[in-house]
Amino acid sequence: MPDRPEPGFRARVGPPSRRTRVLVLTAGVLVALFLLFVMVSGFWTDWLWYKSVDYSRVFTTQLRTKAGLFGVFGVLMAVAVGFNIWLAHRLRPPLAAMSVEQQSLDRYRMGVAPYKKWLLLAASLLVGLVAGAAASGQWRTWLLWTNQTPFGVKDPQFHRDVAFYAFDLPWFEFLLGFAFSAVIVSLLASTLVHYLYGGLRLQGPGRRASRGAQGHLAVLLGVFVLLKAVAYWLDRYALAVKSGAYKGVDGWTGLRYVDANAFLPAKTILFFVAIICALLFFMTPIRRTWAPALIGFGLMALSAVLIGGVYPAIVQQFQVKPNEQAKETPYIQKNIDATRQAYGITGAETQQYDPKEGAKSGAPAPDPQTIADIRLIDPNVVAPTFQQNEALRKYYAFPKTLDVDRYGDQDTVLGLRELDLSGVQQRNWINDHFKYTHGYGMVAAKGNQVDGNGNPVYTESGLPTTGSLGAYKQRVYYGEKTGTYSIVGGSNQEIDYTSESGADQTFQYDGGSGVSLDNPFTRAAYAMRFAEPQILYSGAITDGARVIYDRTPKERVEKVAPWLSIDADPYPVVQDGKLVWVLDAYTTSDGYPFSSKTTLGESTKDSLTDQRGRTLTAVNTVNYIRNSVKATVDAYTGAVTLYQWDDADPVLKTWMKAFPGTVQPKSKIPSTLMPHLRYPQDLFKVQRDLLGQYHMTDATAFFNGTDIWQVPVDPTTNTGDVQPPYYLTLRMPGAPDTSFSLSTSFVPSGRDNLAAFMAVTADPGPDYGKIRILKIPGGSGALGPKLTQAKFNSDQAVANKLTLLKTGTDSDIEYGNLLTLPVGGGLLNVEPVYLLGRGAKAPVLQKVLAVYGDKVALEDNLEKALAAVLPGAAGSATTPPTAPTTPTTPGPTTPGPTAPGTAAGTTPELQQALKDAQKAFDDGQAALKTGDWAAYGQAQKALQEALDRAAAAQPSTGGATPAPSAPASPAPSATP
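About the cut-offs
- Residues numbered from 1 in each chain as written.
- Predicted model: local features only at pLDDT ≥ 70, side-chain atom pairs only at ≥ 80, totals over all residues.
- Heavy atoms only, no water.
- Helix = DSSP H or I, 4+ residues; strand = E, 2+ residues; numbered from the N terminus.
- Buried < 20%, exposed > 50% of the residue type's maximum accessible area, 1.4 Å probe, protein only.
- Contact = heavy atoms within 4.5 Å.
- Areas by Shrake-Rupley, 256 points an atom, 1.4 Å probe, with all protein chains shown as cover.
- Salt bridge = Lys/Arg side-chain N within 4 Å of Asp/Glu carboxyl O.
- Pairing = 2+ DSSP bridges.
- Axes fitted to C-alpha atoms, helices over the stretch in contact; angles between N-to-C directions.
- Polar contact = N/O pair within 3.5 Å; in protein donor to acceptor, adjacent residues only side chain to side chain.
- Core = buried A, V, L, I, M, F, W, Y, C linked by side-chain atoms within 4.5 Å.
- Arc of directions from axis to C-beta.
- Lys, Arg positive; Asp, Glu negative; His and termini not counted.
- pLDDT = per-residue confidence, 0-100.
- Patch = residues over 30% accessible without salt bridge, like charges linked within 9 Å, V, L, I, M, F, W, Y side chains within 5 Å.
- Charge placed at Lys NZ, Arg CZ, Asp CG, Glu CD.
- 1 Å grid on protein atoms, 1.4 Å probe; cavity = no way out; pocket = protein on both sides within 12 Å on 5 of 7 lines; lining within 4 Å.
- Points joined across faces, edges and corners; volume = space filled by probe spheres on them.
- Nonpolar A, V, L, I, M, F, W, Y, C, P; charged D, E, K, R; others polar.
- Parallel < 35°, antiparallel > 145°, perpendicular 65-115°, else oblique.
- Phe/Tyr/Trp six-rings, centres within 6.5 Å; stacked < 30°, edge-to-face > 60°.
- Lys NZ or Arg CZ within 6 Å of the ring centre and 35° of its normal.

*Asks:* Honestly, the overall build of the protein chain in this entry has me stumped. Any pointers?
*Replies:* Tallying secondary structure elements over the protein chain gives 27 helices and 34 strands in all. When the 976 residues of the protein chain are sorted by exposure, 52% land in the buried category. Looking at the protein chain alone, contacts between residues at least 24 apart form 69% of all its contacts between residues at least 6 apart. For the protein chain, the accessible area works out to roughly 42500 Å², and carbon and sulfur atoms hold 58% of it.

*Asks:* For this particular structure, what's the right way to read the pattern of salt bridges?
*Replies:* Should their charged atoms come close, side chains of opposite charge can pair. Counted by the stated rule, this structure contains 23 salt bridges. Note that Arg 256 is salt-bridged to Glu 328, the shortest N-O span being 3.6 Å. With Arg 256 in the loop between β2 (249-253) and α8 (257-287) and Glu 328 in helix α10 (residues 324-342), this pair connects stretches of sequence that are 72 residues apart. Each member of the pair, Arg 256 together with Glu 328, is buried. Residues Asp 550 and Lys 559 are paired through a salt bridge, measuring 2.7 Å at the closest nitrogen-oxygen approach. Judged on exposure class, the residue Asp 550 and its partner Lys 559 are both buried.

*Asks:* Before we go on, may I ask you to explain the sheet that holds strand β9 (residues 442-450) in this structure?
*Replies:* Backbone hydrogen bonds are what pair the strands of a sheet, in a parallel or an antiparallel way. Read across the open sheet, the 5 strands follow the order β5-β6-β9-β10-β11; overall the sheet is antiparallel. Across the chains shown, the open sheet's two edge strands, defined by having one partner strand only, are β5 (403-407) and β11 (466-467). With 5 bridges joining them, strand β6 (residues 410-416) and β9 adopt antiparallel strand pairing. Bridged to Gly 415 within β9 is Val 443. Contacts between helix α13 (residues 383-390) and the sheet are confined to β6, β9 and β10 (456-461), with β10 contributing the most and set at about 55 degrees to the helix.

*Asks:* How should the pairing of strand β15 (residues 504-507) be read in this particular structure?
*Replies:* The two faces of the sheet receive side chains in turn, since in a regular strand these alternate between them. Here 4 bridges tie strand β14 (residues 494-498) to β15, and the two strands are oriented antiparallel to one another. Across the sheet, residue Tyr 497 finds its bridge partner in β15, namely Gln 505. In this structure, the hairpin formed by β14 and β15 is closed by a connection of 5 residues, where Gly 502 is found at a positive phi of approximately 95 degrees.

*Asks:* What exactly am I supposed to notice about helix α20 (residues 650-658) here?
*Replies:* An α-helical turn contains 3.6 residues, so a residue and the one three or four places further along point in the same direction. When α20 is considered as a whole, its buried residues turn out to be Pro 650, Val 651, Leu 652, Thr 654, Trp 655 and Ala 658. In this structure, the buried side of α20 is in contact with α2 (56-90), α5 (139-146), α6 (162-196), β20 (578-589), β23 (624-634) and β24 (640-644). If you check the start of α20, you find a side-chain oxygen 3.2 Å away from the backbone N of Val 651, and it comes from Asp 649.

*Asks:* Would you mind showing me how to read the nonpolar core here?
*Replies:* In a soluble, globular protein the nonpolar side chains are often hidden away together inside. Within the largest apolar cluster, 194 residues are counted, with the highest numbers of intra-cluster contacts made by Phe 151, Phe 386, Ile 487, Leu 642 and Leu 828. Of all the elements, α6 adds the most residues to this core, at 17 residues. Non-local contacts of Leu 642, meaning those with residues more than four positions away in its chain, are made with Tyr 55, Val 557, Ala 561, Val 629, Lys 630, Ala 631, Thr 662, Val 663 and Gln 664. Of all hydrophobic cores here, the second largest spans 11 residues; its members include Leu 270, Phe 271, Cys 277 and Ala 278.

*Asks:* Looking at this structure, I do not really get helix α17 (residues 553-560). What am I missing?
*Replies:* Those residues of α17 lying buried are Pro 553, Arg 556, Val 557, Lys 559 and Val 560. For α17, the angular spread of the buried residues around the axis is 160 degrees, confining them to a single face.

*Asks:* For this particular structure, what's the right way to read the sheet that holds strand β13 (residues 486-489)?
*Replies:* Read from one edge to the other, the open sheet built from 3 strands follows the order β13-β17-β16, with strand pairing classed as antiparallel. At either end of the open sheet lies a strand with only one pairing partner, and these are β13 and β16 (515-516). As paired elements, β16 and strand β17 (residues 545-548) share 2 bridges and run antiparallel to each other. The residue bridging Ser 516 from the neighbouring strand is Arg 546, located in β17.

*Asks:* Just checking my understanding: could you explain the environment of Lys 242 for this structure?
*Replies:* With respect to the element layout, Lys 242 can be found in the loop between α7 (211-238) and β1 (243-246). Between the C-alpha atom of Lys 242 and that of Thr 253, which follows or precedes it by 11 residues, the distance is 5.4 Å. Setting aside its immediate chain neighbours within four residues, Lys 242 contacts Trp 252, Thr 253, Gly 254 and Asp 259. In terms of polar contacts, Lys 242 uses its side chain to reach the side chain of Asp 259, at 2.8 Å.

*Asks:* How should the side chain of Arg 556 be read in this particular structure?
*Replies:* Tracing the backbone through its elements, the reader meets Arg 556 in helix α17. Within the buried core, Arg 556 has no salt-bridge partner, and the shortest N-O distance to an opposite charge, that of Asp 550, equals 6.4 Å. Looking at Arg 556, its side chain comes within polar contact range of the main-chain oxygen of Asp 550, at 3.1 Å. Beyond its immediate chain neighbours, meaning those up to four positions away, Arg 556 contacts Trp 49, Val 53, Tyr 478, Tyr 549, Asp 550, Arg 551, Val 633, Gly 638 and Val 640.

*Asks:* Would you mind going over unusual backbone geometry with me for this structure?
*Replies:* What you tend to see is this: most non-glycine residues have negative phi, and most peptide bonds are trans. With an omega dihedral of -5 degrees, the bond running from Leu 463 to Pro 464 counts as a cis peptide bond. As for its position among the elements, Pro 464 is in the loop between β10 and β11. A positive phi is found at Lys 247, a non-glycine position, where the angle reads about 55 degrees. If you trace the backbone, Lys 247 turns up in the loop between β1 and β2. You can call Lys 247 partly exposed: its relative accessible area is 29%.

*Asks:* Help me understand the confidence of the model for the protein chain, please; the structure alone is not making it clear to me.
*Replies:* Regions with low pLDDT should not have their predicted coordinates read in detail. Within the protein chain, residue pLDDT values average 85, and 86% of them lie at 70 or more. Here residues 956-976 scores under 50 on pLDDT; set against residues more than four positions off or in separate chains, the count is 41 contacts.

*Asks:* How should I be thinking about a positive patch on the surface in this particular structure?
*Replies:* Together, Arg 90, Arg 92, Lys 116 and Lys 117 give the surface a local cluster of positive charge. Tracing the backbone through its elements, the reader meets Lys 116 in helix α4 (residues 116-136). Take Lys 116: its relative accessible area is 32%, and that puts it in the partly exposed class.

*Asks:* Before we go on, may I ask you to explain empty space enclosed by the protein in this structure?
*Replies:* Rolled over the atoms, a probe as big as a water molecule pinpoints where empty space is left. Summed over all chains, the structure comprises 5 cavities of 30 Å³ or more. Roughly 140 Å³ of internal volume is contained in the largest cavity. Counting residues per element, the ones that place at least two in the lining of the largest cavity are β5 and β26 (726-730). Class assignment for the residues of the lining of the largest cavity results in 8 nonpolar, 3 polar and 5 charged. Here the second largest cavity is characterised by a volume of approximately 70 Å³. As for the second largest cavity, its lining consists of Gln 723, Pro 724, Tyr 726, Leu 728, Ser 743, Thr 744, Ser 745, Phe 757, Leu 818, Leu 819 and Thr 820. Counting residues per element, the ones that place at least two in the lining of the second largest cavity are β26, β27 (739-748) and β31 (819-823). Of the residues in the lining of the second largest cavity, the class split is 6 nonpolar, 5 polar and no charged.

*Asks:* What's the story with the packing of α8 against α10 in this structure? I'm lost.
*Replies:* For any two helices packed against each other, one specifies the crossing angle of their axes together with the interaxial distance. Running from N to C, α8 and α10 point in directions that differ by 100 degrees, and their axes come no closer than 8 Å. The orientation of α8 relative to α10 falls into the category roughly perpendicular. Residues Tyr 257, Ala 260 and Asn 261 of α8 lie in contact with α10, whose contacting residues are Lys 327, Glu 328 and Tyr 331. Of the residues that constitute the contact of α8 with α10, the class distribution is 3 nonpolar, 1 polar and 2 charged.

*Asks:* Can you walk me through the packing of aromatic side chains in this structure?
*Replies:* Two aromatic rings, taken as a pair, are described by how far apart their centres are and by the angle between their planes. All told, the structure shown has 51 aromatic pairs when counted by the stated rule. Taking the centre distance of 6.1 Å and the plane angle of 20 degrees together, the rings of Trp 563 and Phe 659 count as stacked. Separated by 96 residues along the polypeptide, Trp 563 in the loop between α17 and β18 (565-566) and Phe 659 in the loop between α20 and α21 (681-694) bring together distant segments of the chain. Residues Trp 563 and Phe 659 agree in their burial class; the two are buried. Centre to centre, the rings of Tyr 592 and Tyr 624 are 5.8 Å apart; their planes meet at 5 degrees, and the pair counts as stacked. Of this pair, Tyr 592 sits in the loop between β20 and β21 (598-599) while Tyr 624 sits in strand β23; the two residues are 32 residues apart in sequence, bridging distant segments of the chain. Among the aromatic residues, those joined into a ring-pair cluster are Phe 73, Trp 142, Trp 145, Phe 158, Phe 164, Tyr 165, Trp 171, Phe 172, Phe 174, Phe 178 and Tyr 237. Taking the ring centre of Tyr 237 as reference, the NZ or CZ of Arg 236 above it sits at 5.5 Å. The ring centre of Trp 645 lies 4.4 Å from the NZ or CZ of Lys 666, which sits over that ring.

*Asks:* Teacher, can you tell me more about a nonpolar patch on the surface here?
*Replies:* Judged by side-chain polarity, Leu 25, Val 29, Leu 30, Leu 33, Leu 36, Met 39, Val 40 and Phe 521 come together as a nonpolar surface patch covering roughly 760 Å² of accessible area. A total of 7 residues in the nonpolar patch trace back to one element, the largest contributor, which is helix α1 (residues 18-52). The topology assignment puts Met 39 in helix α1.

Here's what the structure looks like:
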């Protein structure tokens, strides 16, 4: 029995009460305001961020361009589609033929009738929004097209400036794609309206299309075919940037014989065929018959198959294949020339170098500076050692991969002591974002020395750090490991660091960076951005408080210059009393004709990629790249500065016109920063990847593929990834002097012997970017990295020592970077051997492996290893200190030499160098006693220079004068 309402119950009938309506309306308004605030808050916080870094023009230019493209192309699409829908409705027949089909459509017509205007508006608005959103994503293409700068180089096929392919063609292709979309959507919408209102019929007697529908659709089809004619014409030029696999190159780009002699004529013929076919469609409303147009369209389709498909296949099969080398060689040469030009490897110098002869002669090394600067400290291994020795507090950490720079003539391994919130014992919102806000100081160590315990010899250490770098702002608010936001300023007392007594040293940030939180609306916007409501009401945020975020150097530069690709390895520099991050930035293009394309993410991948990250662009596939910009990010203020580096790059000039004032001229680079700029790793890796094949500049050799190189697998890891390039100071054969360089080796494709050694001068100066390649003869017997490592492991004496070392100390062995150096006419391979004790966190250097020719050695230090494999070179090696260095002891730890004497048979240059060394040593000792660390650092630099000159001036015969050396004395124990 159904339930009955209780007595007195009355069901409400009729509209809701006034109170209900008010509540619903209020809730709706609140929801709408909330959604609006969510959308506006992201825009508002972005604007505030750009304004805080003084790059508001970048934000407004992007916004203006995106909004303009959205509006223009959205309106064009909406008008085009809306007009055709309106026209189709207007051309409807006054009376629909009586049929079952039309009777069923009557219901839809009657249902649509009251809402026709609204449906037209909605359909137009919808397609306009979609088209506008797609067009706004083309803001880079638009800015490049409107601000383009000529390259001054013409392609070898059509003889057009490269700017046409890099800037014009992408924009024309976008316009063509947009026009196709507008016509296709209009055609579909019009067909639907004509069918709905009887203009098109599928059933019944008589004509299937009314005169109005026939004329309307024929014109739209004619426009479509006309656009296809334009596409055929543009396809002719697109052949110059078309890519595919050929001769082992996955991204081979440019015309080949079949393209130039079959596809190119075919595209031209199809262009004219399409125009004729379009005219036939345009004549359809006049002739009132579809037959000519449909026949023409069928012939165009048949022509596309025969002329555009079958004919090129016949040419390839019967003309190219029987004599492929002769046919393809001219086009291969065009590809070689364009690729080398586009990637900046045209000036690479190749020379023959037979290390077998140098190894046979056993001649002393003519490069004492190369020997002296052999880097024993592997920045990819010793980060845990830095962490153990120099982190000093649990909430500090170093990156997994340290950096290599040079201070004076000394290769230096360095890293910043950055904040690591995982080491904070009491984790909460206040500690994470108000108290622990920054790291502290840079730690540096000599690249070519270790102390008696196998630890790095620190030249900058302690907390606060002291040493040879002098005074500078040490607080690190912006760093590679800083991934969260902090609220600083106001009355906030941040934890600077914990002193040795356990007391917290506090600090108030005064760097001026970040966004002020004094405005309640701004606080609410950031509460929304970071999904943290406490930002809105927390009493810890006082007047003057600022929020700092986007704090990694890479993301800051990417935001202020979204048209640049950023190298994956920023590195810190002490410059003018401040700590700055230096980043290399690239301009790229995928529209350089005939230049083969490469995928940046793949070509820059090596065994360290997981630690460093990858360089990517918006499209990731490029065939033109330049290191056009050097950028700096202040580690304290977060200030971003962009400097023009390549003042001949047309892509950079184009972007500088699009974003005026964002890039400073090269002349503005501070003189104190210039010595620390270096050749970037990722660019070098792209170039070496290409030079594996494009070192062959002769098209015939390239076609035969008999001398293809590849980057060797890193033998010190088990990942199977290729070996990374290494920064070190060396003198390449043929170079006038030693220089800070970036080097790599090559092996023949599919083999493990050494094929070539390559280095690029990384020091700014006349030789900057000079690539030198030493090509190793096939019969030299030179070993690649994998075979060198195998030689180390297979040598019985070395294997026994390594086994004893491992079992006797209960430690694991970790190999450092395997360095290959052209020394003494041969090739010297040096590899540090680290021990990681059971339960220990930090490896220490205990042995050095060396191989030269057939000689292999495993010794306690580099000097002994060199003495075993290359007599005469050992004296040039830096003697490591005998006394262990206390890790937290600041200041330089390499003492001066004992008083050098003057032996018989010395030259005047050698005598003067020894005198200068003695004076530098005395000056250093005097500075040490007075605690003048700046003077001590200068004296050490002068001492090193004097020893270098003494080594260079040493007589090559007679042996009367021993190579100068620097015996160790105890490091200073007092902390300045």
